[in-house]
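Listed below, chain by chain, are the residues.
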Amino acid sequence: MVTRNTRSNAWTPDARAQLVLATIIREHLVTGEPVGSRTVAERCAHAARWSPATIRNVMAELEEAGLVEQPHTSAGRVPTDKGYRFYVDHMLGHARLPKSDLLAIERALGEIEPDPARLMGRASHLLSELTDNVGIVFAPPVTDQKLQHVEFVRLMDGHILVVLVLAPNIVQHRLVRLDEQLEQEELDRAARYLNEEFRHQSLQAIRAELTRIIREKRAFYDELQRRAALLCERSLADADDRSGEIYVDGTSNILTKPDFADLETLRALVRTLEEKRRLIKILNECLARERSSVQVIIGREHRAPIMRACSLVAAPYRLADSSFGALGIMGPMRLEYERVIGLVGHIARVVERKLNSNMSS
């Protein structure tokens, strides 16, 4: 389900104006060209027999309300971001995905993928492939994920290999070095302590608790706690990056969009897609209002100026450990909203189900 934007307009299109607006949008989605009154008359012939003058008057009303605009004096009209917003909020029904889309999703994501990273990579590719736009999948930050198991392995060069198993079955390897030399038996005892005391807690919570222990100097009365706290602190030293992993597929698709014909805009969009932090910030802003449904951000609704030529359709997925991820597509405002909203929502539910199946297995 998509969350509707309920902001009111000074003028609300009546049924006739809504039909004309929907006709302009649907025709423009197909052709990418301005839509004239003659085309509207032809497309609406089955519903009403309006004179060309009547249609021109309605189109003028829509333009005055800011829902369409005329790019050239002699041209027809194209939808504005405000027009697309009204269309998404008030004129779309519940999308029923075609069988071909459902089969493609089942083929790509049907099997439970034991490696969550591969699942997310497949999902981003699928989103891009099915929409011919940019597919984006955002994994929850590492520090939000819960510990399943930890091991410390002493290496010959004095380093310690840290093996972190996080929900949902994500394995991470890190190398740390301590000022003091610890034997493997001491490392095993520290690992057992962490597994027994902190299993199923998030890395963020574990780190906070161990920091508190050190601050209160409790650990210095217990050698085992001291070593465990030190090892854990070093292991999580690079976990301050709370941005999580992000998977992007289909960046080349924007090169084919006439909507991004301006070279500077195109370059800036590509740079944005390559900058992990900026892209995650944009996704988070999209989902900030609602974490239970599909969100649609269109044109000037974006805070980032470079995104104001774009639409972003995104949905959250929630893991059993209460952490959140997100996925979606980025493309031009000229977007097949009904189908894209249905695809994003459905794929988010599939990814959520697959990841949670991994966590319970």
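Now for a look at the structure at hand. The structure displayed is predicted, hence computed values, not measured ones.

## Concerning the overall build of the protein
Secondary structure summary: the protein contains 12 helices and 10 strands in total. For the protein, with 361 residues in total, the buried portion stands at 50%. Contacts in the protein between residues at least 24 apart in sequence constitute 64% of all its contacts with a sequence separation of at least 6. Roughly 18200 Å² of accessible area belongs to the protein as shown, and the carbon and sulfur atoms make up 49% of that amount.

## Observations concerning the packing of helix H1 (residues 15-31) against helix H3 (residues 52-64)
In the contact formed by H1 and H3, the axes pass within 10 Å of each other and the chain directions differ by 85 degrees. In terms of axis orientation, H1 runs roughly perpendicular to H3. Facing Arg16, Ala17, Val20, Leu21 and Ile24 of H1, the residues of H3 in contact are Thr54, Val58, Met59 and Leu62.

## Thoughts on the nonpolar core
Among the nonpolar cores identified, the biggest contains 55 residues, and Leu62, Ile105, Val313, Tyr317, Leu327, Tyr337 and Ile347 are the most heavily contacted of them. The next biggest cluster of nonpolar side chains, apart from the first, holds 26 residues, and it includes Ile254, Leu273, Ile282 and Ile297.

## Side note on the packing of H1 against helix H4 (residues 81-90)
As a packed pair, H1 and H4 sit with axes 11 Å apart at the nearest point and diverge in direction by 110 degrees. For the element pair H1 / H4, the angle class is roughly perpendicular. In this structure, H1 uses Gln18, Leu21, Ala22, Ile25, Arg26, His28 and Leu29 to contact H4, whose residues at the interface are Gly83, Tyr84, Phe86 and Tyr87. For the contact of H1 with H4, a count of residues per class yields seven nonpolar, three polar and one charged.

## Topic: H4
Across the 10 residues of H4, eight count as buried, placing the element largely inside the fold. Turning to H4, its buried residues are Asp81, Gly83, Tyr84, Arg85, Phe86, Tyr87, Val88 and Asp89.

## Examining the environment of alanine 95
Relative to the helices and strands, alanine 95 resides in the loop between H4 and helix H5 (99-109). When the C-alpha atoms of alanine 95 and tyrosine 337 are compared, they prove to be 9.4 Å apart, with 242 residues separating the residues in sequence. If sequence neighbours within four positions are ignored, alanine 95 has contacts with Glu338 and Gly342.

## Some details on the side chain of arginine 77
Considering the arrangement of structural elements, one finds arginine 77 in the loop between strand S1 (68-69) and strand S2 (78-79). A distance of 3.0 Å separates a polar atom in the side chain of arginine 77 from a polar atom in the side chain of glutamate 63. Sequence-distant contacts of arginine 77, defined by excluding residues within four places in its chain, comprise Ile24, Pro34, Val35, Met59, Ala60, Glu63, Val68, Glu69 and Gln70.

Reading guide: rules and limits
Residues numbered from 1 in each chain as written. Predicted model: local features only at pLDDT ≥ 70, side-chain atom pairs only at ≥ 80, totals over all residues. Heavy atoms only, no water. Helix = DSSP H or I, 4+ residues; strand = E, 2+ residues; numbered from the N terminus. Buried < 20%, exposed > 50% of the residue type's maximum accessible area, 1.4 Å probe, protein only. Contact = heavy atoms within 4.5 Å. Areas by Shrake-Rupley, 256 points an atom, 1.4 Å probe, with all protein chains shown as cover. Axes fitted to C-alpha atoms, helices over the stretch in contact; angles between N-to-C directions. Parallel < 35°, antiparallel > 145°, perpendicular 65-115°, else oblique. Core = buried A, V, L, I, M, F, W, Y, C linked by side-chain atoms within 4.5 Å. Nonpolar A, V, L, I, M, F, W, Y, C, P; charged D, E, K, R; others polar. Polar contact = N/O pair within 3.5 Å; in protein donor to acceptor, adjacent residues only side chain to side chain.

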